[in-house]
Amino acid sequence: MEIDSREFSIASPVKSVRFGGSVSEILAKHKQGDSSDYDLLKHQLADPCIKDAQIISWLQEIRSCVSQLNKDHEQLIYTVLKLPWIGRRQAVVEEYMTFLGNLVSAQTVYLCACLKMVVTYFTPMRVRICVEGVNISDSEDEDEYENLSRNFDQCHKALQLIARYVPSTSHFLMPVFQENFPFIQKSSRTLECYVHNLLRVSVYIPSIRRDILELIIGKMLQLDVSASRSDIEEAEEIAMQNLQGHPLKEEGLFDMDEDMPANPSTMAVTSHSVAERLDTLMAVLMAYVKDICHVNGSLHVERTKELYRDLLSVFDKLILPTHASCHVQYILFYLCSFRLALTEAFLDHLWKILQNPTQPAILRQAAAGYLGSFLARAKFIPVLTVRACLDLLISWIHGYIDSQNSSGKQACCDINLHGPFYSTCQAVFYVLIFRHRALLEGHMKKGLEYLQSLNLERVVMCQLNPLKLCLPTVTSMFAAITRKYQIVFCYNVIERNNRQLLPVVRSSTGGDCVTTKTNPLDSFFPFDPYLLKRSGQAIEPLYQVWEEFEDTELLSPRTSKQGPREDDDDFLYGDTPKADAIVGMTPNSFDSNLCSPNSIGSPPITFQKPF
């Protein structure tokens, strides 16, 4: 099957010097065993100074013989696929695309080679073209990117053309995308361009969108677990000390101007090099989510629901099982802010995982952490939804206590046996710390009656003793708030637990050290403060920051060594798990700290429709 050459209007090429006979003659001689002209043809095609007219002339002849180009002509085809066609004048680009269409439709054995060739152009490349004896170099370290948009457009037109003539193209793309994904040590600009182009493919080949999102988010998680919260904060403190002048605004591949505040000082680049790369990719992915879900500024419900289902699948497979990731999960946070129905669906999904006894305990505990953190931190969750979720959680907790009391066995404080129970209790305490004011506003009497109806005293006083295993800051703040409103008095239990808390002696090369495990559940709150600066502008208006209450007393005040932390959400400061206790997925030392390119726009309208 050949493509009608009339699909493209190609100007007549200028005559140029060439050696050997026609391609048909060369192939005939090659078949008879004479490869001299065949080798000469490959040499001329591989010439870095090859001119546009020569490319067009050769491609036209090769297209006329495309049915003869079988597996025996691999070297010739691979040479043609290496021709520098991207960025040349329109006649060359159109002739090359016609050749690609002819080749993949007549010789499908070369489909993957064609796909790999196109995908290699998804990142800025070092290109050398000889023009009138002068080498023109486009280094990936240069600052001129005005041709990136045009080059990427040509790549996607080529992929669309291939997909049109080979409907099974989508089945072969994911291995190519996986193989060509840049190392995460590459510059932000390289990663940004590649992810941007993968997302563009998902627009016009939606059948592989979920796989593309899984690939991208998997790579982002590798960056996320390599940049711990403490390391990012330390890098920011050092950068603040060395700051001189005003930071420059960085822009991404997708336009997020509507989400960005006007204050230029907030547009500083994240100082930690690994986090800066993650920041860039988060900005690209958030802008993609916004573009997909909105049409002419209005939310498109069906498209949003479809994207939510794809992201939820990736969440279950990759994000939920990843311990102590700091930022990637905010993709769901951001998407759920578009519509209350999405928020409720996400909460319901987490609730089903938590209460399902067939799920691994570690996932149930993670689901409890997500539930508590999401309810506490998302400004867009209304109080009625918070109450509904608290009702479900507290009912499950009381049911669990009932089952332990009726088992006939002595209930004991055991993380291994009751991990989901303790995580759920901590989630409830955490939500009440952040949301108790909202629950009491409007009608204090009814609010207090509601809090008393939760029967928190039974939870705190039960033999399973959840306060013993909660994070100390959660325990102390929960105790202070419940005492203030006379809901439950926790301090007797806390004091008894403190007396029973035995130090752990650990041997090390430096001698024995005595430590106390302050996070026995190994818990973390997934929606702790967002530290990435550029993508964080989209999260900031949706996020509930911690505000200390002047009339509450903490049992464990911050020491003078920690000092004041202005503008920080330090509710759990000092109690969050340290990165060195977490087995990361990638090395921790990356050197790249390059800037990303200027905006080249979202996928154009022409890419919005699948074939």
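Scroll up to find the structure this text is about.
Residues numbered from 1 in each chain as written. Predicted model: local features only at pLDDT ≥ 70, side-chain atom pairs only at ≥ 80, totals over all residues. Heavy atoms only, no water.

Participant: How would you sum up the side chain of S373? Please name residues and give values.
Facilitator: If you trace the backbone, S373 turns up in helix α16 (residues 361–377). The exposure class assigned to S373 is buried, which follows from its relative accessible area of 0%. Leaving out residues up to four positions away in the same chain, S373 has contacts with Y430, F525, P526, F527 and D528. (Helix = DSSP H or I, 4+ residues; strand = E, 2+ residues; numbered from the N terminus. Buried < 20%, exposed > 50% of the residue type's maximum accessible area, 1.4 Å probe, protein only. Contact = heavy atoms within 4.5 Å.)

Participant: Which residues make up helix α18 (residues 415–440), and what are the values?
Facilitator: Compared with an ideal rise of 1.5 Å per residue, which puts 26 residues at 38 Å, α18 spans 33 Å between its outermost C-alpha atoms and falls more than 12% short. At F434, α18 shows its largest bend, some 55°. Burial of α18 is extensive: 21 of the 26 residues sit out of reach of the surface. G442 sits one or two residues past α18 and shows a positive phi near 90°. (Expected span 1.5 Å × (residues − 1). Bend = angle between axes of the 7 residues up to and from the residue.)

Participant: Residues and numbers for empty space enclosed by the protein, please.
Facilitator: Inspection of every chain in the model, using the stated rule, returns 2 cavities of 30 Å³ or more. Taken as a whole, the second largest cavity holds about 40 Å³ of empty space. Along the walls of the second largest cavity sit L432, H436, L451, L456, I481, T482 and I487, which together make up its complete lining. When contributions to the lining of the second largest cavity are tallied by element, the ones reaching two or more residues are α18 and α21 (472–484). A per-class count over the lining of the second largest cavity returns 5 nonpolar, 2 polar and no charged. (1 Å grid on protein atoms, 1.4 Å probe; cavity = no way out; pocket = protein on both sides within 12 Å on 5 of 7 lines; lining within 4 Å. Points joined across faces, edges and corners; volume = space filled by probe spheres on them. Nonpolar A, V, L, I, M, F, W, Y, C, P; charged D, E, K, R; others polar.)

Participant: Describe in detail the pattern of salt bridges, supporting the description with residues and values.
Facilitator: The final tally for this structure, using the stated rule, is 17 salt bridges. In this structure, R210 and D310 form a salt bridge, with 2.9 Å as the shortest nitrogen-oxygen distance. With R210 in helix α10 (residues 209–226) and D310 in helix α13 (residues 301–319), the pair connects residues that are 100 residues apart, well separated along the chain. Exposure remark for D310: the relative accessible area of 10% places this residue in the buried category. Between K533 and E236 there is a salt bridge, with its nearest N and O atoms 2.8 Å apart. Of the two residues, K533 sits in helix α23 (residues 533–539) while E236 sits in helix α11 (residues 229–242), which places them 297 residues apart along the sequence. Its relative accessible area of 22% is what places K533 among the partly exposed residues. Look at E236 and you get buried, because its relative accessible area is 13%. Where salt bridges share partners, they join K29, D34 and D37 into one cluster. (Salt bridge = Lys/Arg side-chain N within 4 Å of Asp/Glu carboxyl O.)

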